Amino acid sequence: MKTNTYISDSIIYVGASSYEDKLFEAHFEIPNGMAYNSYLILDDKVALVDAVDKLVVADWLENIKDALKGRNIDYLIVQHVEPDHTVGILEFLKIYPDVTIVGSEMTFRMLSNYFRDVSFSNKLIIKENDVLSLGKHHLKFIFAPMVHWPEVFVSYESYEKILFSADAFGKFGALDKDEDWTDEARRYYFGIVGKYGMQVQALFNKLASLDIKKICSLHGPIIEENLAEVLDKYKIWATYNSEVDGVFIPYTSVYGNTEKVVFEIKSRLEEKGVQVEISNLSRDDFFSAVSNCFKYSKIIFATTTYNMSIFPYMNELLTALSERNFQNKKVGIIENGSWAPTAGKIIKDKLSLLKNIEIVEPIVHIVSSRSEKNELEIAGLVEKLTN
Ligand code: FEO
């Protein structure tokens, strides 16, 4: 999909979106496609900020040609080496062989591992806080290690006060999809950089003194009108605080008995005015569940015992949360087991390794199906999650 948009008289969006790949990074479902952003800055010198994925190379090259109107490109700035932003370089260099590639020492080390047959001899090696002058436009390079890879840097353009933010502030979804920024940005954030909250906070500290009017990330729309809201969300996410005081219930249920209890608890919480969301981990989007575990202040993990452990999708969820530094939550547990229930203990053991997780006792212990004996546990759980 060809998309050329003027961000200003001098800065042009030359990226493109694709619906071809249904799994971003072979991992995250992207039913609404994905944008691979790239920006051209026209001044005395011409700079291109980042390349694109193989899926959109042809559109990208056409966009660049249209935007250049016969000019040449002086610099290609490689803020992030991950192939969704660099594979396009190979075709690009065939058309613009004299371009100077701008990156750090680590950028070039990592590039050479991906592109073993390319010499990258025409290069400018930058250090943190170096400034590249293009004329009126000046790009200051600010290193952002682990947001999302170690070589990442962002670039602040001081004339138009634009932050080119690499992966930070991105989202899933093609640019022609009119959808809410927050849900898909949160799913992207916790999917991709959720583990690195400390590093995102470190980047925030480096950006604190800058006057930023627009953010141009490598995925998703240009952020301008909703800038304050986006920055607020990122501060909550990076510090592992919850956006919503409510309850999220990820669950698995093989024959529907655990699910019935989940529905009952949902109704009872909602009757008390609590915002509740549920997710069947066998059927609903996995990374939406991961995202919701960070969104809500209280989580109820509900699952069956399976192979003397816990049902696979719940196991996967707990692993994904642990890998992303899940913390600061009040947690309820519902276990089901027909002869030797182990799920509750295993969930507790896993959560005990995480920071600031308060487990509500007693857990709800179902033997095959809900019994009268469960009433006290369910009432207790509802009570303790609403007080
Ligand atoms: Fe969009 Fe970390 O690559």
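Let me sum up the structure you'll find in this document. This one's a predicted model, so the numbers in the text were calculated from it and none came from an experiment.

**What about the overall build of the chain?**
Argument step 1. A tally of regular secondary structure across the chain gives 11 helices and 23 strands.
Argument step 2. Along the first, second and third principal axes, the C-alpha atoms of the chain reach 80 × 40 × 35 Å.
Argument step 3. The buried share of the chain, taken over its 387 residues, is 56%.
Argument step 4. Within the chain, counting contacts between residues at least 6 apart in sequence, those at least 24 apart form 69% of the total.
Argument step 5. Taken as two groups, the 42 positive and 55 negative side-chain charges of the chain have centres that lie 3 Å from each other.

**Side note on the sheet that holds strand 10 (residues 100–103)**
Argument step 1. What the seven strands build is an open sheet, ordered 1-2-7-8-9-10-11; its pairing is mixed. Of all strands in the sheet, those bounded by a partner on one side alone are strand 1 (5–6) and strand 11 (123–125).
Argument step 2. As judged from the three bridges shared by strand 2 (residues 11–13) and strand 7 (residues 39–42), these two strands associate in the antiparallel manner. Paired with I12 across the bridge in strand 7 is L40.
Argument step 3. Its contacts with the sheet place helix 1 (residues 57–68) against strand 2, strand 7 and strand 8 (46–49), and it is angled at close to 15° to strand 7.
Argument step 4. On the sheet, helix 3 (residues 105–114) packs against strand 10 and strand 11 and is oriented at approximately 115° with respect to strand 10.

**Thoughts on the side chain of H85**
Argument step 1. Residue position: H85 is located in the loop between strand 9 (75–77) and helix 2 (89–95).
Argument step 2. For H85, the side chain forms a polar contact with the side chain of H219, separated by 3.2 Å.
Argument step 3. Apart from residues lying up to four places away in sequence, H85 is in contact with A51, V52, H80, D167, L218 and H219.

**Remarks on the nonpolar core**
Argument step 1. Within the largest apolar cluster, 97 residues are counted, with the highest numbers of intra-cluster contacts made by I64, I73, F92, F301, L317, F326 and L351.
Argument step 2. Every residue in contact with F92, bar those within four places of it in the chain, is listed here: L48, W60, L61, I64, I73, L76 and V99.
Argument step 3. Among the nonpolar cores identified, the runner-up in size contains 20 residues, and I11, L132, L134 and I162 belong to it.

**Considerations on the sheet that holds strand 13 (residues 138–143)**
Argument step 1. Taken in spatial order, the five strands line up as 12-13-14-15-16 in an open sheet, and their pairing is mixed. The sheet is open, and its two edges are formed by strand 12 (131–133) and strand 16 (214–216), each paired on a single side. On average, each strand axis in the sheet is tilted by 20° relative to the strand beside it, whichever way the strands run.
Argument step 2. With three bridges joining them, strand 15 (residues 162–164) and strand 16 adopt parallel strand pairing. Its bridge partner being in strand 16, F164 is matched across the sheet by C216.

**Some remarks on the environment of N356**
Argument step 1. Mapped onto the fold, N356 is located in strand 22 (residues 355–359).
Argument step 2. Classification of N356 by relative accessible area gives exposed; the value is 53%.
Argument step 3. Once the C-alpha coordinates of N356 and V262 are considered, the two residues, 94 residues apart in sequence, prove to be 24 Å apart.
Argument step 4. Discounting chain neighbours no more than four positions away, the residues touching N356 are Q327, N328 and K329.
Argument step 5. A polar contact of 2.9 Å, which involves the side chain of N356, links it to the side chain of N328.

**Quick word on the pairing of strand 13**
Argument step 1. For strand 12 and strand 13, the ladder comprises three bridges, and the chain directions are antiparallel. If you follow S133 over to strand 13, its bridge partner there is H138.
Argument step 2. Relative to strand 14 (residues 153–157), strand 13 runs antiparallel, the two being bridged by five bridges. When the bridges of strand 14 are listed, K140 appears paired with Y156.

**Brief notes about the packing of aromatic side chains**
Argument step 1. Applying the stated criterion across every chain yields a total of 29 aromatic pairs.
Argument step 2. Through a chain of ring-to-ring contacts, three or more aromatic side chains come together here, namely F169, W181, Y189, F190, F204, Y234, W237, Y240, F294, F301 and F326.
Argument step 3. Over the ring of F108 we find K123; its NZ or CZ atom is 5.1 Å from the centre of that ring.

**Examining helix 9 (residues 312–323)**
Argument step 1. An ideal rise of 1.5 Å per residue puts 16 Å on 12 residues; helix 9 measures up with 16 Å between its terminal C-alpha atoms.
Argument step 2. When we look at burial in helix 9, the residues that qualify are M314, L317, L318, A320 and L321. Each buried residue of helix 9 lies within a common arc of 160° when the element is viewed along its axis, so the set occupies one face.
Argument step 3. The elements touched by buried residues of helix 9 are strand 17 (244–251), helix 8 (286–295), strand 19 (296–306), strand 20 (309–310) and helix 10 (343–351).

**Side note on the side chain of D50**
Argument step 1. Structurally, the position occupied by D50 is in the loop between strand 8 and helix 1.
Argument step 2. Within the buried core, D50 has no salt-bridge partner, and the shortest N-O distance to an opposite charge, that of K206, equals 16 Å.

**Notes on helix 1**
Argument step 1. Counted at 1.5 Å a residue, the expected span for helix 1 with its 12 residues is 16 Å, and the 16 Å between its end C-alpha atoms agrees.
Argument step 2. Of the residues making up helix 1, those classed as buried are V57, D59, W60, L61, N63, I64, A67 and L68.
Argument step 3. Contacts from the buried residues of helix 1 go to strand 2, strand 3 (16–18), strand 7, strand 8 and helix 2.
Argument step 4. K69 sits one or two residues past helix 1 and shows a positive phi near 50°.

Conventions we followed
Per-chain numbering applies: the sequence of each chain, read as written, is numbered from 1 onward. Local features in this predicted model are restricted to residues whose pLDDT is 70 or higher, and side-chain atom pairs enter the listing and the counts only when it is 80 or higher, whereas totals over whole chains, interfaces and linings include all residues. Side-chain metrics rest on all non-hydrogen atoms present in the structure, leaving aside hydrogens and water. Only runs of H or I of at least four residues qualify as helices and only runs of E of at least two qualify as strands under DSSP, and these elements are numbered from the N terminus. Throughout, exposure labels follow a simple rule: accessible area from a 1.4 Å probe, protein chains only, divided by the maximum for the residue type, with under 20% read as buried, over 50% as exposed, and the rest as partly exposed. Contacts were defined at the residue level, with two residues in contact if any of their heavy atoms lie within 4.5 Å. The charge count treats Lys and Arg as positive and Asp and Glu as negative. His and the chain ends do not count. Every charge is mapped onto a representative atom, which is NZ of Lys, CZ of Arg, CG of Asp or CD of Glu. Here, strands pair whenever DSSP counts at least two bridges between them. Lines fitted to C-alpha atoms define the axes here, with helix axes fitted over just the stretch in contact, and angles between the N-to-C directions of these axes take values from 0 to 180 degrees. Two N or O atoms form a polar contact when they lie within 3.5 Å of each other; inside protein one atom must be a possible hydrogen donor and the other a possible acceptor, and for residues adjacent in sequence the pair counts only when both atoms belong to side chains. Side-chain atoms within 4.5 Å link the members of a nonpolar core, which is a set of buried Ala, Val, Leu, Ile, Met, Phe, Trp, Tyr and Cys residues. Stacked, edge-to-face and tilted labels apply to pairs of Phe, Tyr and Trp rings (six-membered ring for Trp) whose centres lie within 6.5 Å, assigned for plane angles under 30 degrees, over 60, and everything in between, in that order. When the NZ atom of lysine or the CZ atom of arginine is within 6 Å of a ring's centre and also within 35 degrees of its normal, the charge is said to sit over that ring. In a helix, the anticipated span is given by 1.5 Å times the number of residues less one. Our arc is simply the arc of the directions from the helix axis toward the C-beta atoms. A pair is scored as a salt bridge if a Lys or Arg side-chain nitrogen falls within 4 Å of a carboxyl oxygen belonging to Asp or Glu.

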